[in-house]
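Structural characterization, general
One letter stands for each residue in the lines below.
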Amino acid sequence: AQSVTQPDIHITVSEGASLELRCNYSYGATPYLFWYVQSPGQGLQLLLKYFSGDTLVQGIKGFEAEFKRSQSSFNLRKPSVHWSDAAEYFCAASQGGNTGKLIFGQGTTLQVKP
Amino acid sequence: GAGVSQSPRYKVAKRGQDVALRCDPISGHVSLFWYQQALGQGPEFLTYFQNEAQLDKSGLPSDRFFAERPEGSVSTLKIQRTQQEDSAVYLCASSYRQGAYNEQFFGPGTRLTVL
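A brief report on the enclosed structure follows.

Conventions used here
- Residues numbered from 1 in each chain as written.
- Chains lettered and ligands numbered in written order.
- Predicted model: local features only at pLDDT ≥ 70, side-chain atom pairs only at ≥ 80, totals over all residues.
- Heavy atoms only, no water.
- Contact = heavy atoms within 4.5 Å.
- Buried area = accessible area lost by both parts, 1.4 Å probe.
- Salt bridge = Lys/Arg side-chain N within 4 Å of Asp/Glu carboxyl O.
- Polar contact = N/O pair within 3.5 Å; in protein donor to acceptor, adjacent residues only side chain to side chain.
- Helix = DSSP H or I, 4+ residues; strand = E, 2+ residues; numbered from the N terminus.
- Nonpolar A, V, L, I, M, F, W, Y, C, P; charged D, E, K, R; others polar.
- Buried < 20%, exposed > 50% of the residue type's maximum accessible area, 1.4 Å probe, protein only.
- Pairing = 2+ DSSP bridges.

A few points about the interface of chain B and chain A
Contact residues are listed per partner, giving 22 residues for chain B and 23 residues for chain A. Both faces considered, chain B and chain A share a buried interface measuring about 1,800 Å² in area, 55% of it formed by carbon and sulfur atoms. Our count for the contact surface shared by chain B and chain A stands at one salt bridge. Lys101(A) serves as the salt-bridge partner of Asp56(B), at 3.2 Å between the closest nitrogen and oxygen. Joining chain B to chain A, the criterion identifies six residue pairs in polar contact (both at pLDDT 80 or more). Counting residues per element, the side of chain B that touches chain A draws most heavily on strand E4 (residues 31-37) of chain B, at three residues. Of the residues that constitute the side of chain B that touches chain A, the class distribution is ten nonpolar, nine polar and three charged.

Spelled out as structure tokens, the structure:
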């Protein structure tokens, strides 16, 4: 079955430190891949997406992600975390097709220490 | 001209009651999705509309769940005879066109609590 796994439920980093959030997918073929951020009381916001081509994709708010086919991974990174980055992060995948329905991972909660 | 809106934002229902959750997508968006997000989990797909046509309802957990989008804009998710396991945040999303390459814009969700 198609699935997305985020191995880390909770991560704490210090402000200014680098960040990497892990995401692994299990699909028959390479899916479309997404990272979303969810702040309390807010809707999910798209950070970045990968469809094809360059395996390093840039997103909003200084985030980037790297697609690695050999590892079935799509990890999210940020060189220097700001306190406002504290939120829940979701990796998602879609097989494409006409609907575009998303399959989400369980999410990773990011806490930022001052 | 704002984003996706949902109402009510919070709903408390007694077990066995029927509830109706509303989604106003971004004007002109063809595609509309409903997701269910249980506490501490990622959203799970419920159903998909392209205009007024419900093309995929494979994620609806039981026949107590029903969704409609009669005029191809506003959508309503109805849950009949609510159960405690229905407690979750229900998210609506819309996109301009069909297909995964079109960004889905999410509403803030409706938090349903069934007592």
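Quick word on the pairing of strand E5 (residues 32-38) of chain A
All names here are of chain A. Counting buried residues along E5, six of its seven residues qualify, which places the element largely inside the surrounding structure. Sheet analysis places E5 next to strand E10 (residues 87-94), joined by seven bridges and oriented antiparallel. Considered in E10, the bridge of glutamine 38 is made with glutamate 88. Pairing of E5 with strand E6 (residues 45-50), which is carried by five bridges, proceeds in the antiparallel orientation. Residue tyrosine 36 lies in a different strand from E6, and its bridge partner there is leucine 46. The antiparallel hairpin formed by E5 and E6 contains six residues in its connecting segment, where glycine 41 sits at a positive phi of about 75 degrees.

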